[in-house]
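Here are the chains, one letter per residue:
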Amino acid sequence: MTESTIERRNLRLAFDAERPRHWHSGNARISRFYDALSMSFPPGEKSFIESVRDFADGIEDEDLQKDIQGFIRQEADHTREHARYNATLKAQGVDVDFHTSLTAKPVELTRRYLSPKRNLARTVGMEHITAILSDLALSDPRVLKNADEQVRRIWNWHAIEEIEHKGVAFDVFEQAVPNKLERYFLRTTVMLWSTLGYSVGMTTSLTLLLWHDRKLFDPRDWWQAFQFFWVRPAVIPRAFGRWLAYFRPGFHPWQHDNRELAKTYAAELDRAENA
């Protein structure tokens, strides 16, 4: 039996409502993309915790039980800190409740009408997506290079912990659905409709945020964001290739082992907190 490598840091990060609205590169689309992500996290991560808890009592592996507890603690801390982050958006005039509902309502429906296995499959798929974005944020300094320091800290901290626990829901899913064919069918089909649904919600949220900022049709803003998402650092094409890897029959999150990357950033985070 080994100790879990999933650490609870329980950070209380500083948030300032006076920070620039467009805190990343002065660009509305890049900044609001992350803001929309943040507003989706409290209901999303709550559902991740619930879906894993549905099967926790049936897990006999003591190491995995420790990892489940670490996963729950980290996700609960993310929920709390993103709720505080979102409160600063509300103070700046953003209708946070509406944007959060774009995730909360579909999550409520899936919890009510889908089986626990399908809800867990949804968590597995969404955890893979957040792990992809986390790896990109930490492995390529250009992703958050021009971000406000205060906001960069929450995304780096979140990314570290998403990497640390990225295999937990998958491992629970493997034990909850022992039949390989059923497991593959569930995780791939649920990933497809989860990706589609989440993309629609994010696009709606981003469009309304840009309309609110009067930046929806700003050509300079469009061009700068196009460069960021498609050219340098090309977040979307790079993320898409890693998303496709999920559909391999023998896929497991730790086939891309980036634990050392997370450790490096965690050490930097600890030094900053101690200072």
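Remember, predicted model here, so these are calculated numbers, not experimental data. (Residues numbered from 1 in each chain as written. Predicted model: local features only at pLDDT ≥ 70, side-chain atom pairs only at ≥ 80, totals over all residues. Heavy atoms only, no water.)

**Points about the overall build of the chain**
Reasoning step 1: The secondary structure content of the chain amounts to ten helices and zero strands.
Reasoning step 2: In the chain, the order of α-helices and β-strands from amino to carboxyl end is α-α-α-α-α-α-α-α-α-α.
Reasoning step 3: Its C-alpha atoms give the chain principal-axis dimensions of about 50 × 45 × 35 Å.
Reasoning step 4: Relative to its 275 residues, the chain shows a buried fraction of 53%.
Reasoning step 5: Residue pairs at least 24 apart in sequence account for 84% of intrachain contacts in the chain once pairs closer than 6 positions are excluded.
Reasoning step 6: Counting every atom, the chain has about 13400 Å² of accessible surface; 57% of that belongs to carbon and sulfur.
Reasoning step 7: Averaging the positions of the 38 positive and the 39 negative side-chain charges in the chain gives two centres separated by 5 Å. (Helix = DSSP H or I, 4+ residues; strand = E, 2+ residues; numbered from the N terminus. Buried < 20%, exposed > 50% of the residue type's maximum accessible area, 1.4 Å probe, protein only. Contact = heavy atoms within 4.5 Å. Areas by Shrake-Rupley, 256 points an atom, 1.4 Å probe, with all protein chains shown as cover. Lys, Arg positive; Asp, Glu negative; His and termini not counted. Charge placed at Lys NZ, Arg CZ, Asp CG, Glu CD.)

**A word on the nonpolar core**
Buried together is how nonpolar side chains tend to be arranged in soluble globular proteins.
Reasoning step 1: If you look at the biggest cluster of nonpolar residues, it comprises 71 residues, and the most contacted ones within it are Tyr34, Ile68, Tyr85, Ile154, Trp155 and Val172.
Reasoning step 2: When residues of this core are assigned to their parent elements, the largest contribution, twelve residues, is made by helix H1 (residues 28–56).
Reasoning step 3: Sequence-distant contacts of isoleucine 68, that is, excluding residues within four places in its chain, are made with Val52, Ala56, Ile59, Val168 and Val172. (Core = buried A, V, L, I, M, F, W, Y, C linked by side-chain atoms within 4.5 Å.)

**A word on the environment of glutamate 174**
Reasoning step 1: Of note, glutamate 174 is situated in helix H6 (residues 168–176).
Reasoning step 2: For glutamate 174, a relative accessible area of 31% corresponds to the partly exposed category.

**Looking at H6**
Reasoning step 1: Within H6, burial applies to Val168, Ala169, Phe170, Val172, Phe173 and Ala176.
Reasoning step 2: Against the buried residues of H6 lie H1, helix H2 (62–91), helix H4 (116–139) and helix H7 (180–212).

**Section: unusual backbone geometry**
Reasoning step 1: In this structure, the amide linkage connecting arginine 232 to the following residue, proline 233, adopts the cis form with an omega of 5°.
Reasoning step 2: Here proline 233 lies in the loop between helix H8 (219–231) and helix H9 (235–245).
Reasoning step 3: Of note, arginine 214 is a non-glycine position whose phi angle comes to about 60°, a positive value.
Reasoning step 4: Here arginine 214 is to be found in the loop between H7 and H8.
Reasoning step 5: Note on arginine 214: relative accessible area 78%, which makes it exposed.
Reasoning step 6: Positive phi, close to 60°, is recorded for alanine 234, a residue that is not glycine.

**Considerations on the environment of alanine 76**
Reasoning step 1: Tracing the sequence through the fold places alanine 76 in helix H2.
Reasoning step 2: For alanine 76, a relative accessible area of 37% puts it in the partly exposed group.
Reasoning step 3: Measuring from C-alpha to C-alpha, the distance between alanine 76 and proline 42 comes to 8.7 Å, with 34 residues separating the pair along the chain.

**Notes on the packing of H1 against helix H3 (residues 96–113)**
Reasoning step 1: The contact between H1 and H3 brings their axes to 6 Å, and the two run at 20°. In terms of orientation, H1 lies roughly parallel with respect to H3. In this structure, the crossing between H1 and H3 has a hand that is right-handed. Only Val96, His99, Thr100, Thr103, Ala104, Val107 and Arg111 of H3 make contact with H1, whose side of the interface consists of Met39, Ser40, Pro43, Gly44, Ser47, Glu50, Ser51 and Asp54.
Reasoning step 2: Taken together, the residues of the contact of H1 with H3 break down into five nonpolar, seven polar and three charged. (Axes fitted to C-alpha atoms, helices over the stretch in contact; angles between N-to-C directions. Parallel < 35°, antiparallel > 145°, perpendicular 65-115°, else oblique. Left-handed = near helix turned anticlockwise from the far one by under 90°. Nonpolar A, V, L, I, M, F, W, Y, C, P; charged D, E, K, R; others polar.)

**Overview of the side chain of threonine 188**
Reasoning step 1: Counting through the fold element by element, threonine 188 comes out in helix H7.
Reasoning step 2: A residue is classified by how much of its surface remains accessible, and threonine 188, at 8% relative accessible area, is buried.
Reasoning step 3: A polar side-chain atom of threonine 188 sits 2.7 Å from the main-chain carbonyl oxygen of tyrosine 184. (Polar contact = N/O pair within 3.5 Å; in protein donor to acceptor, adjacent residues only side chain to side chain.)

**A closer look at a nonpolar patch on the surface**
Reasoning step 1: A cluster of nonpolar side chains, contributed by Trp223, Phe226, Trp230, Val231 and Ile236, occupies part of the molecular surface with about 510 Å² of accessible area.
Reasoning step 2: It is H8 that provides the largest number of residues to the nonpolar patch, a total of four residues.
Reasoning step 3: Summarising the element assignment, valine 231 is placed in helix H8.
Reasoning step 4: Exposure remark for valine 231: the relative accessible area of 35% places this residue in the partly exposed category. (Patch = residues over 30% accessible without salt bridge, like charges linked within 9 Å, V, L, I, M, F, W, Y side chains within 5 Å. Salt bridge = Lys/Arg side-chain N within 4 Å of Asp/Glu carboxyl O.)

**Structural notes on the side chain of arginine 152**
Reasoning step 1: Relative to the helices and strands, arginine 152 resides in helix H5 (residues 149–164).
Reasoning step 2: Overall, the relative accessible area of 17% leaves arginine 152 in the buried class.
Reasoning step 3: Among the polar contacts listed, one links the side chain of arginine 152 to the backbone oxygen of leucine 144, at a separation of 3.0 Å.
Reasoning step 4: Apart from the residues within four sequence positions on either side, arginine 152 is in contact with Leu144, Lys145 and Ala147.

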